[in-house]
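# Fold and contact review
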Amino acid sequence: DKYKDGLSKTRNSFTSRLNDLVANYRTVDEDFFEELEEIMIQADVGFDTVMTLVEELKMEVKRQNIKDTEGIRSVISQKLVEIYYNGEEPDELLNFKENDLTVILFVGVNGVGKTTTIGKLAHQFKNEGKKVVLAAGDTFRAGAIEQLEVWGNRVGVDVIKHSEGSDPAAVMYDAVHSAKAKKADVLICDTAGRLQNKVNLMKELEKVKRVIEREIPDAPHEVLLALDATTGQNAMTQAKIFKEATNVTGIVLTKLDGTAKGGIVLAIKKELGIPVKFVGLGEKMDDLQPFNAEKYVYGLFS
Ligand code: GDP
């Protein structure tokens, strides 16, 4: 299945190290937990998550009177899922307006896979029978508009664009009107991914959001941040900056297939409190999956 294949790098490194650990330490003791911590941290699971996990594992080991390391495997996966949800109900994947236009704003630094993700998502929506319009709001990066158009053609959806260098807010204005006129179900908006100047980033995102809000008061309905899983701590830093700049409602973690450190999914949720809504598991149109903690953890441990 997609999760298992997409996570194969993480699975191979993570589970092989876990297998070694279980084989080397026959009994669950302090040394075992220390090495487990090490393995988890190296898989980018994140310090806070690892500490919580180990604490809860220790309690569970006592409660169930687990002596041998083999018995602890299933407890680890069960606890990881619990830590991810943190007592909350799994939330709706996306906040959708029934019989009305849903606006999704995409933010993220250049190169993380934002355009590709927009294309993949447009493809999914279209397969669900939804009418999709894309807005080429990255007017800054050379080639960004054309790249979105390529995806638009590939998927078979309209792309609203202005010329390079034009005001992204004007693109959004046109896009909202066009999507409404076309009676579209979903408008997905690309934005520029400059992080060099935080103040400019904030201003531009605010302006873009203001234009959308003026046309549809409760929009954008989702603000999705694309992060590259292969960049580890960098991705975490970007997430913090974007969280300050705008109200990010969900994360799309791209290129999870290209890293052995897939534990970052767990770290992001715990450290930022923002749910991971989708994961990118490859470059093709179908390689975007709704994030599901059970499937993810199962993908790692089986
Ligand atoms: P943008 O600058 O953020 O719009 O990034 P792009 O969408 O142009 O993607 C940058 C590169 O990452 C491209 O070569 C994509 O094919 C690749 N890419 C995007 N998502 C994924 C993914 O989930 N897995 C892999 N392996 N590659 C991806």
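Residue indices follow the written sequence of each chain, beginning from 1 at its first position. With pLDDT at 70 or above as the cut-off, local features in this predicted model cover only qualifying residues; side-chain atom pairs require 80 or more to be listed or tallied, and sums for whole chains, interfaces and linings still use all residues. Computation of side-chain values covers all heavy atoms of the structure but excludes hydrogens and water.

The name that an unreviewed UniProt entry assigns to the protein is Signal recognition particle receptor FtsY, with the source organism given as Jeotgalibacillus salarius. Listed in UniProt under the heading Sequence similarities (unreviewed entry), the comment for the protein reads: "Belongs to the GTP-binding SRP family. FtsY subfamily." Recorded in UniProt under Function (unreviewed entry), the annotation for the protein is "Involved in targeting and insertion of nascent membrane proteins into the cytoplasmic membrane. Acts as a receptor for the complex formed by the signal recognition particle (SRP) and the ribosome-nascent chain (RNC)." UniProt positions are given in the numbering used here, feature names are shortened, and annotations may be inferred rather than shown by experiment.

Pairing of aromatic rings covers Phe, Tyr and Trp, the last through its six-membered ring, and needs centres within 6.5 Å; plane angles under 30 degrees mean stacked, over 60 mean edge-to-face, and all others mean tilted. Under the counting rule described, the total for this entry stands at 6 aromatic pairs. Aromatic pair Phe96 and Phe125: ring centres 5.5 Å apart, planes at 90 degrees, arrangement edge-to-face. One end of the pair, Phe96, is in the loop between α5 (73-85) and β1 (102-107); the other, Phe125, is in helix α6 (residues 114-127), with 29 residues separating them in the sequence. Three or more aromatic residues link up through ring pairs in this structure, and these residues are Tyr84, Tyr85, Phe291 and Tyr296. By definition, being over a ring means that NZ of Lys or CZ of Arg is both within 6 Å of the ring centre and within 35 degrees of the ring normal. For Lys130, the ring lying beneath its charged end belongs to Phe96, and the centroid distance is 4.6 Å. Its end group placed over the ring of Tyr84, Lys269 keeps NZ or CZ at 4.7 Å from the ring centre. We count a stretch as a helix when DSSP gives it H or I for four or more residues in a row; a strand needs E for two or more, and each element gets its number in order from the N terminus.

To continue, consider helix α2 (residues 8-24). A helix is expected to span 1.5 Å multiplied by its residue count minus one. In this model α2 runs 23 Å from its N-terminal to its C-terminal C-alpha over 17 residues, within 8% of the 24 Å that 1.5 Å per residue would give. Exposure categories follow from relative accessible area, calculated using a 1.4 Å probe and restricted to protein chains: below 20% of the type maximum is buried, above 50% is exposed, and the middle band is partly exposed. Buried within α2 we find Thr10, Arg11, Phe14, Thr15, Leu18, Leu21 and Val22. The arc that holds the buried residues of α2, viewed along the axis, is 115 degrees, so those residues lie on one side. Residues of α2 that are buried sit in contact with α1 (2-6), α3 (30-42), α5 and α12 (293-301). Directions from the helix axis toward the C-beta atoms define the arc. Contacts were defined at the residue level, with two residues in contact if any of their heavy atoms lie within 4.5 Å.

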